[in-house]
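Here is what each chain is made of, one letter per residue.
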Number of protein chains: 2
Amino acid sequence: MNIGEIARRAGVSRSTVSYALSGKRPVAAATARRINEVIAELGYRPNASARALAEGRTRTLALVIPPASRRLTNVQLDFVATVVEAAAAHDLDVLLSPSGGDHDRSFERIVTGRRVDGVIMMEILLDDPRVTRLRQNELPFVTIGHVEHPGGSWWVDVDYAALVRRCVHHLADLAHRHVVLINRSAELVAAGYGPAVRSTAGFQEAAEQRGLSAHVVCCADEPAAGLACFEQIRARRPEVTAVVTINEAALPGLQRALHRAGLVVPRDFSITGVIADRLAEDFHPPLTAADVPAEEMARLAVDLLVERIADPAADPRHALLDPVISLRSSTGARPAR
Amino acid sequence: MNIGEIARRAGVSRSTVSYALSGKRPVAAATARRINEVIAELGYRPNASARALAEGRTRTLALVIPPASRRLTNVQLDFVATVVEAAAAHDLDVLLSPSGGDHDRSFERIVTGRRVDGVIMMEILLDDPRVTRLRQNELPFVTIGHVEHPGGSWWVDVDYAALVRRCVHHLADLAHRHVVLINRSAELVAAGYGPAVRSTAGFQEAAEQRGLSAHVVCCADEPAAGLACFEQIRARRPEVTAVVTINEAALPGLQRALHRAGLVVPRDFSITGVIADRLAEDFHPPLTAADVPAEEMARLAVDLLVERIADPAADPRHALLDPVISLRSSTGARPAR
DNA sequence: TTGTAAGCGTTATCAC
DNA sequence: GTGATAACGCTTACAA
């Protein structure tokens, strides 16, 4: 069933049906009613492909996610869920594209096949080939995270460097002298994953400024790695009294390791970092930490993208969020030796 | 740039370019080479909407997920990631549709707008209006989970009833006499969510068969609820020595509650249930539990759907998986009083 | 207020 | 082996 069928049954032309549907031209009340009755009766909906072809837009967004092999973290998950929801609020559908490197069929299909009106990309590297690729096409896009030289692109991100700097200052204020940053996995760091690299920079900068002895360790995104990582720190650097972490997935392992070592937080050891609030509250004791406002970022990304699609000539915009650190109870003064 | 432009530059007709691309008709080697050169040079790719309109298929699948408001569980997340990956293996894109009840714009848009060639739906209720809706349309679909009367539909599911029955028998074999099932949230049970309802049935059936005193409690999908839930069980039914659970999200809270109550697992208390393997192994001690093989299910669902799309007249197929219970170390003999 | 008709970019059926 | 050309179902000037 198509628009012609509706037109025939309502005794009008196809264009009238189209206009009745879109409201782009006034239609007599009686005619509109007749048309709507027929539409309701037959449960008609315009064919999306035909409409996209005629209009030159698909009413669809692409969301580029990391490949399934790399298990999604909670934060990433929140991005996906919220992007979908925010897009739905604009009556936009979301096409998922798992993509890692630049040779990616799904990504290419979407980008050059005019399958979508715009793209949201997450897990951005400092030097990301996909960003380069999208810049060549004239497909509007917004990134969650930002490349090293964002130039005229549109993006939203959290200021990891500032956040981690603040964590270090907080620990320094509590008289800690030896601190460690538990980073994301070595592969991510090697690939130039923004948050991992920027956290390191902020950590070292603040530590130097406060004259702390500071070390950075990479840790795979899983509990077992967190446990091993902490035990290694205890073995190699027994003088360390506090850690900063941006590795959510390692947290349960960290918790277990602390327990196993007989350390009481924050009496014997302090922990802080960038951690989703629900995880931070789940920790025992609740973690003093900054939360990545994933929902806000995702919503913002969609809004920016919609804006950019509506006005391709608009000046580039971005947002660097700087969430507060919630003082809970996982940090305390450096323990007396 | 379109196929006409390619044809012009290659000095052939549009149809020849189309055939060179699809291979549905032989093209002279020299001609094909010329065409491919032009295509490569210009980075041409057929417009997806136009192709969909002409071919009558979109090369896209829809994945209907629970609305974002209800946070996705790990298992659901695995479904999403694997479906996307499996679809990509077939060169199919995936459109995400968050949908709860039946009044859903996104769902309707996708179903009646011919936006996709088929639908995969998860989080199925025993009496699910969306299944009814899809049956009316002649849109191929496969569900992860199954309605009470699946009739001629296509689905994959895990046999929750059998799994939970087996857990109960296992506990009975260990001489436990008083057991509790920690179910999913009360809302899910009330809504008729398959796994929640079928688990209850299997639990009660097996308990009755073995003459156990058995109770079922609902528990919201979050750690705090798990903690509260367990403390309530201890307070109201101190005689209980073992629980079966299908509520992954509540697990950390359960763990904490056990610890707080000074109970050592499995010496003082036994736990088992249906839990993703990586969570089961993360528990302390590792949980004796059956794992929902989310990846296998998702992959199977995609394969079935592809098959159904290719042959709409094919006989309905389904798969009721029955994963083994991994004996780890969270269950033991009933403690002496 | 409504109808006619020309696209939109493909695919596929005829011809040659 | 290749080229016209008619669909596919819709939107949108342009007429009336």
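What you see is a predicted model; the values in this text were computed from it and never measured.

Rules and cut-offs
Position numbers for residues start from 1 in each chain and track the written sequence from start to end. Here every chain gets a letter starting at A, and every ligand a number starting at 1, in the order they are written. Local features in this predicted model are restricted to residues whose pLDDT is 70 or higher, and side-chain atom pairs enter the listing and the counts only when it is 80 or higher, whereas totals over whole chains, interfaces and linings include all residues. Calculation of side-chain values draws on the structure's entire complement of heavy atoms; hydrogens and water are dropped beforehand. UniProt positions are given in the numbering used here, feature names are shortened, and annotations may be inferred rather than shown by experiment. A helix here means a DSSP run of H or I that spans at least four residues, while a strand means a run of E at least two residues long, and both kinds are numbered starting from the N terminus. One bridge is not enough; two strands pair if DSSP finds at least two bridges between them. Any two residues whose heavy atoms approach within 4.5 Å at even a single point are treated as in contact. To obtain each axis, a line is fitted to C-alpha atoms, and for helices this fit is confined to the stretch in contact; angles are then taken between N-to-C directions over 0 to 180 degrees. The criterion for an aromatic pair is that two Phe, Tyr or Trp rings (for Trp, the six-membered ring) have centres within 6.5 Å, with stacked assigned to planes under 30 degrees apart, edge-to-face to planes over 60 apart and tilted to the rest. Buried means the residue's accessible area, taken with a 1.4 Å probe over protein chains only, is under 20% of the maximum for its type, while exposed means over 50%, and partly exposed covers the values in between. Two conditions define a charge sitting above a ring: the NZ of Lys or the CZ of Arg must be within 6 Å of the ring centre, and it must be within 35 degrees of the ring normal. Here a residue counts as near a molecule or strand whenever at least one of its heavy atoms sits within 4 Å of it. We call two N or O atoms a polar contact when they sit within 3.5 Å, provided that within protein one can donate a hydrogen and the other can accept it, with sequence-adjacent residues counted only if both atoms are side-chain atoms. Alignment of the copies relies on least squares applied to C-alpha atoms, considering only residues that score at least 70 for pLDDT in both. Nonpolar cores were defined as sets of buried Ala, Val, Leu, Ile, Met, Phe, Trp, Tyr and Cys residues, with membership established by side-chain atoms within 4.5 Å. Whether a crossing is left-handed or right-handed is set by the direction in which the near helix is turned from the far one by less than a right angle, anticlockwise for left-handed and clockwise for right-handed. Each residue gets one of three labels, nonpolar for Ala, Val, Leu, Ile, Met, Phe, Trp, Tyr, Cys and Pro, charged for Asp, Glu, Lys and Arg, and polar for the others, Gly among them. Any carboxyl oxygen of Asp or Glu within 4 Å of a side-chain nitrogen of Lys or Arg constitutes a salt bridge here. Here the quantity called buried area is the accessible surface, traced with a 1.4 Å probe, that two parts lose on coming together, added over both.

Asks: How would you summarise the UniProt feature "domain: HTH lacI-type" (unreviewed entry) in chain A if you had to cite specific residues and measurements?
Replies: Taking the UniProt record as the reference, the feature "domain: HTH lacI-type" (unreviewed entry) is found at residues 1-55 of chain A. The annotated region residues 1-55 of chain A carries 71% helix and 0% strand content, and the separation between its end C-alpha atoms amounts to 20 Å.

Asks: Can you lay out the sheet that holds strand E9 (residues 270-274) of chain B for me, pointing to particular residues and giving the numbers?
Replies: All names here are of chain B. Read from one edge of the open sheet, six strands run E7-E6-E8-E9-E10-E12, paired in mixed fashion. Each end of this open sheet is capped by a strand with a single partner; those strands are strand E7 (213-217) and strand E12 (325-326). In this structure, strand E6 (residues 178-182) lies alongside E7, joined through five bridges in parallel fashion. Looking at the pairing, valine 179 lines up with alanine 214 of E7. Against the sheet, helix H10 (residues 194-210) contacts E6, E7 and strand E8 (242-245), and its axis sits at roughly 170° relative to E7.

Asks: For the packing of aromatic side chains, give the residues involved together with the corresponding values.
Replies: Residues and elements named next belong to chain A. This model, assessed by the stated rule, comprises two aromatic pairs over all chains. Ring centres of phenylalanine 230 and phenylalanine 269 lie 5.1 Å apart, and the angle between their planes is 75°; this geometry places the pair in the edge-to-face category. Residue phenylalanine 230 is located in helix H11 (residues 223-236), and its partner phenylalanine 269 is located in the loop between helix H12 (251-260) and strand E9 (270-274); the two are separated by 39 residues in the primary sequence. As far as burial versus exposure is concerned, phenylalanine 230 and phenylalanine 269 are alike and both buried. Directly above the ring of phenylalanine 141 sits arginine 308, whose terminal nitrogen or CZ lies 5.2 Å from the centroid.

Asks: An account of the protein's contact with DNA strand C is requested, with residue identities and associated values reported.
Replies: Around DNA strand C, a shell composed of 28 residues is seen, among which A:Arg25, A:Thr31, B:Ile3, B:Ser18 and B:Tyr19 lie nearest. Sugar and phosphate atoms constitute 51% of the interface atoms of DNA strand C, taking the interface as everything within 4 Å of the protein. The separation between a base oxygen of DNA strand C and a polar side-chain atom of B:Arg14 is 3.0 Å. Mapped onto the surface near DNA strand C, the elements with two or more residues apiece are helix H2 (14-22) and helix H4 (48-55) of chain A together with helix H2 (14-22) and helix H4 (48-55) of chain B.

Asks: Describe the relation of the copies chain B and chain A, naming the residues involved and giving the relevant values.
Replies: Rotating chain B by 180° about the axis while translating it 0.1 Å along that axis superimposes it on chain A, leaving an RMSD of 0.2 Å. What the rotation and shift describe, once combined, is the action of a two-fold rotation axis. Most of the interface of chain B is mirrored in chain A: 100% of its interface residues are interface residues there too.

Asks: Give me the lowdown on the nonpolar core, citing residues and values where you can.
Replies: A:Leu63 and B:Leu63 are the most contacted members of the largest nonpolar core, which totals 99 residues. In contact with A:Leu63, not counting residues within four places along its chain, are A:Val80, A:Val83, A:Val94, A:Leu95, A:Leu96, A:Ser97, A:Ile120 and A:Met122. Ranked by size, the runner-up nonpolar core spans 30 residues in total, among them A:Val111, A:Leu139, A:Phe141 and B:Ile110.

Asks: Run through unusual backbone geometry, naming residues and quoting values.
Replies: Negative phi characterises most residues that are not glycine, and trans characterises most peptide bonds. Omega for the bond connecting A:Val265 with A:Pro266 falls within 30 degrees of zero, at 0°, which places this linkage in the cis form. Position of A:Pro266 among the secondary structure elements: in the loop between H12 and E9. Cis geometry is found at the peptide bond from A:His284 to A:Pro285, where omega equals 5°. For B:Asp91, which is not glycine, the phi torsion reads 60° and is therefore positive. As for its position among the elements, B:Asp91 is in the loop between helix H5 (74-89) and strand E2 (93-98).

Asks: Quick rundown of the packing of helix H8 (residues 160-173) of chain A against helix H10 (residues 194-210) of chain A? Include the residues and the values.
Replies: All names here are of chain A. Contact geometry of H8 with H10 gives a least axis separation of 7 Å together with a crossing angle of 35°. H8 and H10 meet at a crossing whose hand is right-handed. Judged by residue contacts, Tyr160, Ala161, Val164, Arg165, Val168, His169, Ala172 and Asp173 of H8 engage Pro195, Arg198, Ser199, Gly202, Phe203, Glu205, Ala206, Ala207, Gln209 and Arg210 from H10. Looking at the contact of H8 with H10 residue by residue, the classes come out as nine nonpolar, four polar and five charged.

Asks: Can you break down the pattern of salt bridges residue by residue, with the values?
Replies: The tally for this structure, following the rule as stated, stands at 45 salt bridges over all chains. A salt bridge links B:Glu205 to B:Arg165; the nearest nitrogen and oxygen atoms lie 3.6 Å apart. With B:Glu205 in helix H10 and B:Arg165 in helix H8 (residues 160-173), the pair connects residues that are 40 residues apart, well separated along the chain. On the accessibility criterion, B:Glu205 (42% relative accessible area) is partly exposed. Counted as one network, the salt bridges with shared partners bring together A:Asp91, A:Asp93, B:Arg105, B:Arg109 and B:Arg115.

Asks: Can you explain the interface of chain B and chain A? Please cite residues and give values.
Replies: Every contact between the two is made by 46 residues of chain B and, on the other side, 46 residues of chain A. Roughly 4000 Å² of surface becomes buried between chain B and chain A when both sides are summed, with 51% attributable to carbon and sulfur atoms. At the boundary of chain B and chain A, one finds eight salt bridges. In this structure, A:Asp91 engages B:Arg109 in a salt bridge whose closest nitrogen and oxygen atoms are separated by 3.1 Å. Taken together, chain B and chain A are joined by 18 residue pairs in polar contact (both at pLDDT 80 or more). A per-class count over the side of chain B that touches chain A returns 20 nonpolar, 10 polar and 16 charged. As paired elements, strand E2 (residues 93-98) of chain A and E2(B) share three bridges and run antiparallel to each other. Note that in E2(B) the partner of A:Leu95 across the bridge is B:Leu95.

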